[in-house]
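Observations on chain architecture
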Amino acid sequence: GDSVTQMEGPVTLSEEAFLTINCTYTATGYPSLFWYVQYPGEGLQLLLKATKADDKGSNKGFEATYRKETTSFHLEKGSVQVSDSAVYFCALRGAQKLVFGQGTRLTINP
Amino acid sequence: DAGVIQSPRHEVTEMGQEVTLRCKPISGHDYLFWYRQTMMRGLELLIYFNNNVPIDDSGMPEDRFSAKMPNASFSTLKIQPSEPRDSAVYFCASTPGGGYETQYFGPGTRLLVL
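Treat the numbers as computed from the prediction; the structure is a model and nothing was measured.

What to know about unusual backbone geometry
At the junction of serine 7 of chain B and proline 8 of chain B, the peptide bond is cis and its omega measures out at -10° in the coordinates. Here glutamine 80 of chain B and proline 81 of chain B are connected by a cis peptide whose omega angle stands at -5°. Note on placement: proline 81 of chain B falls in the loop between strand 8 (74-79) and strand 9 (88-96). The phi angle at aspartate 54 of chain A is positive, at roughly 75°, despite the residue not being glycine. You can see aspartate 54 of chain A is positioned in the loop between strand 6 (44-50) and strand 7 (56-59). Even without being glycine, threonine 71 of chain A reaches a positive phi, approximately 45°. The topology assignment puts threonine 71 of chain A in the loop between strand 8 (62-65) and strand 9 (75-77). For threonine 71 of chain A, a relative accessible area of 29% translates into the label partly exposed.

Written out as structure tokens, the structure is:
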């Protein structure tokens, strides 16, 4: 069945560092792909998405490119801030529902 | 719009007691999802509804769990009897008809069963 695998956390970086969180998926066809973010004490919220191969989703300085050759959707940001500390979830649209990865906890130190 | 509303935000109960979690989706959204989040198992989809009808409840862990959606603006998730292993954060999410990609999550209910 459909599945999403994220790099294991937690990830700790210093402010202004470059961020990459890896995400790979297994699915039939070419599903839409998403990154959701969960800030402390809150529910998940959509960060960005891509609906077809080679699409790049972007928001708040974060980017991810849909790579069908490598079945990947890695999240990147050039310069992280303390306020980016959160848990990040990669997801794909499966049959009638979203399939989430296990989440990656990111902590940014000043 | 107020977003997805969940109540209570925190619940502490003793093993064996009945627990009812409540959710009000965003007005006009046709899909409603219940999730459970734990450190060990991550985010799990329990059940989802379309136009108030349960579509897939394969994620409901056992018969102690039940969910209803009596109308478009209200849903409940009930655990009876509750057990310590049910301790988790329970999220409700909704999405507009015609697409379920962007799900709007509520703030969650943090449940602790002693």
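From this point on, the discussion continues.
Structural notes on the nonpolar core
Judged by nonpolar contacts, the single largest core of 27 residues is most densely connected at Trp35, Leu47, Leu48, Phe73, Leu75 and Tyr88 of chain A. Of all the elements in the fold, those that place two or more residues in this core are strand 2 (11-14), strand 3 (19-21), strand 4 (23-26), strand 5 (33-38), strand 6, strand 8, strand 10 (86-93) and strand 12 (104-109) of chain A. A total of four residues in this core trace back to one element, the largest contributor, which is strand 10 of chain A. Apart from the residues within four sequence positions on either side, leucine 75 of chain A is in contact with Leu19, Thr20, Ile21, Trp35, Leu47, Leu48, Phe62, Glu63, Ala64 and Tyr88 of chain A. With 21 residues, the next largest nonpolar core counts Leu21, Leu46, Met69 and Tyr90 of chain B among its residues.

Section: the interface of chain A and chain B
Between chain A and chain B, the contact holds 15 residues from the first and 17 residues from the second. Note on chain A versus chain B: buried area summed over both sides is about 1,500 Å², and carbon and sulfur give 54% of it. Joining chain A to chain B, the criterion identifies zero salt bridges. One can count two residue pairs in polar contact (both at pLDDT 80 or more) joining chain A with chain B. At the level of secondary structure, the elements contributing two or more residues to the side of chain A that touches chain B comprise strand 5, strand 6, strand 10 and strand 11 (98-100) of chain A. Considered class by class, the residues forming the side of chain A that touches chain B number seven nonpolar, four polar and four charged.

Criteria and thresholds
Residues numbered from 1 in each chain as written. Chains lettered and ligands numbered in written order. Predicted model: local features only at pLDDT ≥ 70, side-chain atom pairs only at ≥ 80, totals over all residues. Heavy atoms only, no water. Helix = DSSP H or I, 4+ residues; strand = E, 2+ residues; numbered from the N terminus. Buried < 20%, exposed > 50% of the residue type's maximum accessible area, 1.4 Å probe, protein only. Core = buried A, V, L, I, M, F, W, Y, C linked by side-chain atoms within 4.5 Å. Contact = heavy atoms within 4.5 Å. Buried area = accessible area lost by both parts, 1.4 Å probe. Salt bridge = Lys/Arg side-chain N within 4 Å of Asp/Glu carboxyl O. Polar contact = N/O pair within 3.5 Å; in protein donor to acceptor, adjacent residues only side chain to side chain. Nonpolar A, V, L, I, M, F, W, Y, C, P; charged D, E, K, R; others polar.

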